[in-house]
Amino acid sequence: MKVSVYRYNPDVDKRPRMQTYEVRPVQGMMLRDALLEIKKQDESFAFRHSCGEGVCGSDGVNVNGKNCLACITPITELSEPIVVRPFPGRPVIRDLVVDMTQFYEQYRSIKPYLIRNDPMPEQEIPQSPADRDELDGLYECILCGCCSTACPSFWWNPEKFHGPAALLQAWRFLADTRDQATEERLDALDGPYKLFRCHTIMNCVEVCPKGLNPTRAIGRIKDMMLEKGL
Amino acid sequence: MSIPTRHFDALIIGAGGAGLNAALQLASADVHVAVVSKVFPTRSHTVAAQGGVNAALANVLPDNWHWHMFDTVKGSDYLGDQDAIEFMCREAIPTVYELEHAGVPFSRLDNGKIYQRPFGGQSQDFGGDQAARTCAAADRTGHAILHTLYQQNIRARTHFFDEFFALDLVRDKEGAICGALVLEIETGEPILIEATAILLATGGCGQIFRTTSNAHINTGDGCAMTLRAGVPLMDMEFYQFHPTGIAGKGMLITEGVRGEGGFLVNKDGERFMERYAPRAKDLASRDVVARSIVTEVKEGRGAGENGDYIYLKLEHLGANVIEKRLPGIRESSRIFAGADPVSQPIPVFPTAHYQMGGIPTDRFGRVVIPAKYGAEEAVAGLYAAGECACASVHGANRLGGNSLLDILVFGRLAGKDIIEYVRTNHSRRETDPVSLEQAMARLTRWDHTGEGVPAHQLRAAFRKCMEDHAGVFRTEEVMAEGYKKLGELRECFKDARLGDQSKVFNTARIEALELENLIDVGLAVAVSALHRKESRGAHSRPDYPKRDDVNWMKHSLYYRDGDRIDYKPVRTKPLTVESFPPKERTY
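Predicted, not measured: the structure shown is a model, and the values here were computed from it.

Enquirer: Honestly, unusual backbone geometry in this entry has me stumped. Any pointers?
Expert: Most peptide bonds are trans, and most residues other than glycine sit at a negative phi. The linkage connecting Glu80(A) with the following residue, Pro81(A), adopts the cis geometry, with an omega of -5°. The topology assignment puts Pro81(A) in the loop between β4 (66–69) and β5 (82–85). Cis geometry marks the peptide bond from Ala391(B) to Ser392(B), where omega comes out at -5°. In this structure, Ser392(B) sits in the loop between β18 (389–390) and α11 (402–424). Despite not being glycine, Leu143(A) shows a phi value in the positive range, around 55°. In this fold, Leu143(A) is placed in the loop between α3 (129–133) and α4 (152–156). On the basis of relative accessible area, Leu143(A) is assigned to the buried category, the value being 2%. For Asp125(B), which is not glycine, the phi dihedral falls at a positive 55°.

This is the structure in C-alpha cells:
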C-alpha cells in the first residue's frame, strides 16, 4: 500500500514536498498505525498523536482531501494512493504538525466555562434529565480542529470568525440550564463576523469525527438571538 | 551555558486532572503559577477515563463515606494507608459537588441529582449489598471533567506552557529542588523554570507495557525525574491490569459496562465469574476479574480462533441503555473490535492500565522520604499528585472510580497546601550550574551520532520484555529472567542513538527522552515485583499464592541507585474512625 505524506522540516527543507512510503496493510489497521509504520521507517517524520482511540483529539490530519482523526480512520476506507496532508489553512510547523494557536484563541474567546451569579447550593445544582439531554452532541467535542480547519469561512477570517468548534461550545453553554450568562454570551456574538460568517456550508458536520453538528448549534444560537430580540 | 530562565511561585508539570485542579486552586488564589504540559492540556490522558468518579452521595442507593472507605481499604488488599483513604473518601463528596458547580455535565436522575452507577468492589454497610457510588457523565466522565477543569483554568487565567517537555528537576547550591529544565517542543530549545514549589502531576506509565489502555504520552516522566533526584518510588510492583481491554489492542472498555449489567462469558457461554466470585460475580475487584480471565484462557476456555480472549456481553441491556449510558463504548467497540455491542459481544482481555504505586506523598501531596531520624520527612517544596503519586490510597489494587477521585482530591489539596507554602517561603532559590548541567546532559547525550541502537527499537524491545516478565501472573523464574533482560536493555540504552538531529518539533527526540524514563520506571516495577514474595492485590505470584501479613504488610521503596529496595510500614490508623484490620478478601 502506498502512502504519500506531506513533508516539511524548516531546519533542512526550503520548501515542502510529498514523500511516498510503502506500508504493509494489516487487519484492522488505522491511518495512525500506518503513520507510525512510516515513522519506524523514517524517524524524521513528525505528527501529533496520543490516545489512539479518538478521545484526545491530537491526530487530526487531512487525508485524500478530507479532515479526519487518524486513529479512528480505517485504511480500508481510504482509496489509494493515500495522500496525507496537514490541516488546510493552518501554518505548518513541521510535516503534519500545524500551528493551532488561532483555533485555541477562538475557543478561549467564547468564555467556554459555566457562569453563574447565584450562590452555589451545598449539593449539586439540580438539572432534569431532559435539560441535561440538551448538552448531548455538544459537550463531547474533543477540540481536534477537524471542523474549523475544513471551514472556508474560517480559512478567510480565522482572526474574526470564531469557527464551528468554538461556536459549538458557545451553544453548549447557552444550552446549559445551569448557566446564567445568556445575554452576555449573545451580546458578545453580535456583529457581522464572530457568528454570522457561517454560511451553512456544513463542511464541519461532514468531517466531525465525533458525529457532532456545529451547523445546527450555530442555527440554534441565531434562533435564540431572534427570540431575545437582539 | 546561558539558558532563558523564568520564575514562578509554583510550577506544575502535567495538565491532567490533578495538575489542572491544583492549578485552578493556585490561580484562583492569585498565586503566580505555570503549568507545563507536553501536550495541549485537553489531550492529557484523564480525557480517556470513562466510567466515573466515586463519591458516597447516596443519590441512588443508601451510602456513606465510611462504607466507601471500607471498600477502598479492602480493595487495596490492606496495603492502603487508612488515614489517606479516610481523607479521600470524606473529601470525595465536596469534591464532586465542586466539579458539578464548575460545569461538569454529569448524567442526571429523574429528581435532577447526579446519576450514579454500580462499580466493582462497592458495597453498602461494610461488605453487604452492591452500592451505586460512581458519578458518571455517560461513559465519558474523564473527558467531561478534564475539559471543565481546563475551561475553569481559562477563566482563572492560568499560565500554560503547552507542548513543553520536562527534562529533569534542578537543585540550588544547598541541594533543594528549585525548578525544572524544560524543552520547548516546537523550537527544540531548552528553558529553565524556577519556582518555590513544584508539583509533579505527570500521570502513569502504561507505555512500559506493550499492550496497554494508556496513551502514547504515558511514559512515567515525573516518576523517572523523581528517581533521578534520589527519591524512591513506592509500591511499584502493584500495577493494575484492567480486565476488559479490547482483545489484542488494549483499548479500554469501562467497568461501567458490567456496572450497567453486562457480564463476561467464556467460549462455552458460561458466566465464569460465578465460580471465582460467587457473590459479586462480574463486579468483583479488578485484580480478581483480570486473574479469572487469564485463568480461563490458560485453561483452554478462551474464545476466538486462538482461544486467547473472552466475551463481554451487553446485548441484553438493549439499544436504549447502551446509547444513553455507554455511547463511547459502542463507538470504540465498533471501530476497534468490529463488533456492535447492541447485537454482538465484545472480545476482551486484560490490558495494562494503572500504576497503584508512585512518588511517595502524604495526604497533602507533599513528597516524603525516609528521614535520617524519625519516620519520614517532606522534601521541601516538592509535591506530587495523581497517578504518578502514591498517597497511598490504592494500596495493592485500585477500585474502579477511585482514580478520578484520587487525582481530583489530591490535586486540589496539593494546590491548597502549595498556596500556604509559597506564602511562607519567599526567598528565591537559584539553580546550581552543576545541577543544570546534569539536566542538560539528558538532552545533549542525544547529540552524539554514529553507531548505536536506534532508540525506537530499544523502546519496542523494552515494552515487550516488561509484558512477558511482569504481567498478571509472576513467578520467581519468569521475573528473575526478566530482570536480567531489562538490565541488558538498560545497558544497551547507553549506546542508543538518534538519527534525526533536527530541532523543530522533533518527535523522535521526545520519544528518545521518554525512553530513558520508561527504562527507569520499568525497572522500578520489575525490581519491586521480584522482591515481594507474597500475593497481594494486583501482584499475583503462583509460587507464593497467599497474602502474608506478618512479613509483607509493608510498602516497598525502590531506589534507582543500585536497584535498591527498602520498606516502610503501612499506616493502619485512620484519622477519626476505627482501623479496619486485615481480613481474608473474598467477593
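Enquirer: Explain the interface of chain B and chain A here, please?
Expert: Taken residue by residue, the interface counts 57 residues in chain B and 60 residues in chain A. A combined buried area of about 4,700 Å² lies between chain B and chain A, and 52% of that area is made up of carbon and sulfur atoms. Between the two partners, chain B and chain A, sit seven salt bridges. Across the chain B-chain A interface, the total number found is 36 residue pairs in polar contact (both at pLDDT 80 or more). Elements that contribute at least two residues to the side of chain B that touches chain A include exactly α3 (82–102), α4 (141–155), α10 (327–337) and α15 (507–531) of chain B. Taken together, the residues of the side of chain B that touches chain A sort by class into 25 nonpolar, 17 polar and 15 charged.

Enquirer: Would you explain the layout of surface pockets in this entry?
Expert: Rolled over the atoms, a probe as big as a water molecule pinpoints where empty space is left. Each pocket or cavity is described by its volume, and for the largest pocket that value is around 1,500 Å³. Lining of the largest pocket is provided by 45 residues; of these, Arg32(A), Asp33(A), Leu36(A), Lys40(A) and Arg463(B) occupy positions nearest its centre. Of all the secondary structure elements, the ones that give two or more residues to the lining of the largest pocket are α1 (31–41) of chain A together with α13 (455–469) and α15 of chain B. Among the residues forming the lining of the largest pocket, the class breakdown is 15 nonpolar, 16 polar and 14 charged.

Enquirer: I tried to follow the confidence of the model for chain B on my own but got confused; where do I start?
Expert: Detailed reading of predicted coordinates is not advised where the pLDDT is low. Per-residue confidence for chain B averages 96 on the pLDDT scale, and 100% of its residues sit at or above 70. The complex prediction reports pTM at 0.97, with the ipTM value standing at 0.98.

Enquirer: Would you mind going over the sheet that holds strand β1 (residues 2–7) of chain A with me for this structure?
Expert: Within a beta sheet, neighbouring strands are joined by backbone hydrogen bonds and run either parallel or antiparallel to one another. All names here are of chain A. Taken together, the five strands give an open sheet; going across it, the order is β2-β1-β5-β3-β4, and neighbouring strands pair in mixed fashion. Each edge of the sheet is formed by a strand with only one pairing partner; in this case those strands are β2 (17–22) and β4. For this sheet the average axis-to-axis angle between neighbouring strands, irrespective of direction, equals 35°. As judged from the six bridges shared by β1 and β2, these two strands associate in the antiparallel manner. Note on β2: the bridge partner recorded for Tyr 6 is Met 18.

Enquirer: Where do I start with the nonpolar core in this structure?
Expert: Note on soluble globular proteins: their nonpolar side chains tend to be buried together. All names here are of chain B. Within the largest apolar cluster, 146 residues are counted, with the highest numbers of intra-cluster contacts made by Val 53, Leu 199 and Leu 264. A total of 12 residues in this core trace back to one element, the largest contributor, which is α11. If near-sequence neighbours (up to four positions away) are discounted, Val 53 is found in contact with Val 96, Phe 106, Arg 133, Thr 134, Cys 135, Thr 141, Ile 145, Gly 401, Leu 404, Leu 405 and Leu 408. With 85 residues, the next largest nonpolar core counts Ile 193, Ala 470, Ile 519 and Val 521 among its residues.

Enquirer: Whenever I open this one, the pattern of salt bridges confuses me. Can you help?
Expert: Close approach of charged atoms lets side chains of opposite charge pair. Under the defined criterion, the tally for this structure stands at 68 salt bridges over all chains. Note that Arg220(A) is salt-bridged to Glu134(A), the shortest N-O span being 3.4 Å. Of this pair, Arg220(A) sits in helix α8 (residues 214–227) while Glu134(A) sits in the loop between α3 and α4, and the two are 86 residues apart along the sequence. Of the residues examined, Glu134(A) reaches a relative accessible area of 35% and is grouped as partly exposed. Among the salt bridges present, the one from Lys533(B) reaches Glu476(B), with a minimum N-O distance of 3.7 Å. Of this pair, Lys533(B) sits in the loop between α15 and α16 (549–552) while Glu476(B) is found in helix α14 (residues 476–493), placing the two residues 57 residues apart along the sequence. Using a relative accessible area of 31% as the deciding quantity, one classes Lys533(B) as partly exposed. One network of salt bridges, in which partners are shared, links Asp77(B), Glu237(B), Asp287(B), Arg291(B), Arg532(B), Glu534(B), Arg536(B), Arg547(B), Asp549(B) and Arg585(B).

Parameters at a glance
Residues numbered from 1 in each chain as written. Chains lettered and ligands numbered in written order. Predicted model: local features only at pLDDT ≥ 70, side-chain atom pairs only at ≥ 80, totals over all residues. Heavy atoms only, no water. Helix = DSSP H or I, 4+ residues; strand = E, 2+ residues; numbered from the N terminus. Buried < 20%, exposed > 50% of the residue type's maximum accessible area, 1.4 Å probe, protein only. Contact = heavy atoms within 4.5 Å. Buried area = accessible area lost by both parts, 1.4 Å probe. Salt bridge = Lys/Arg side-chain N within 4 Å of Asp/Glu carboxyl O. Polar contact = N/O pair within 3.5 Å; in protein donor to acceptor, adjacent residues only side chain to side chain. Nonpolar A, V, L, I, M, F, W, Y, C, P; charged D, E, K, R; others polar. 1 Å grid on protein atoms, 1.4 Å probe; cavity = no way out; pocket = protein on both sides within 12 Å on 5 of 7 lines; lining within 4 Å. Points joined across faces, edges and corners; volume = space filled by probe spheres on them. pLDDT = per-residue confidence, 0-100. Pairing = 2+ DSSP bridges. Axes fitted to C-alpha atoms, helices over the stretch in contact; angles between N-to-C directions. Core = buried A, V, L, I, M, F, W, Y, C linked by side-chain atoms within 4.5 Å.

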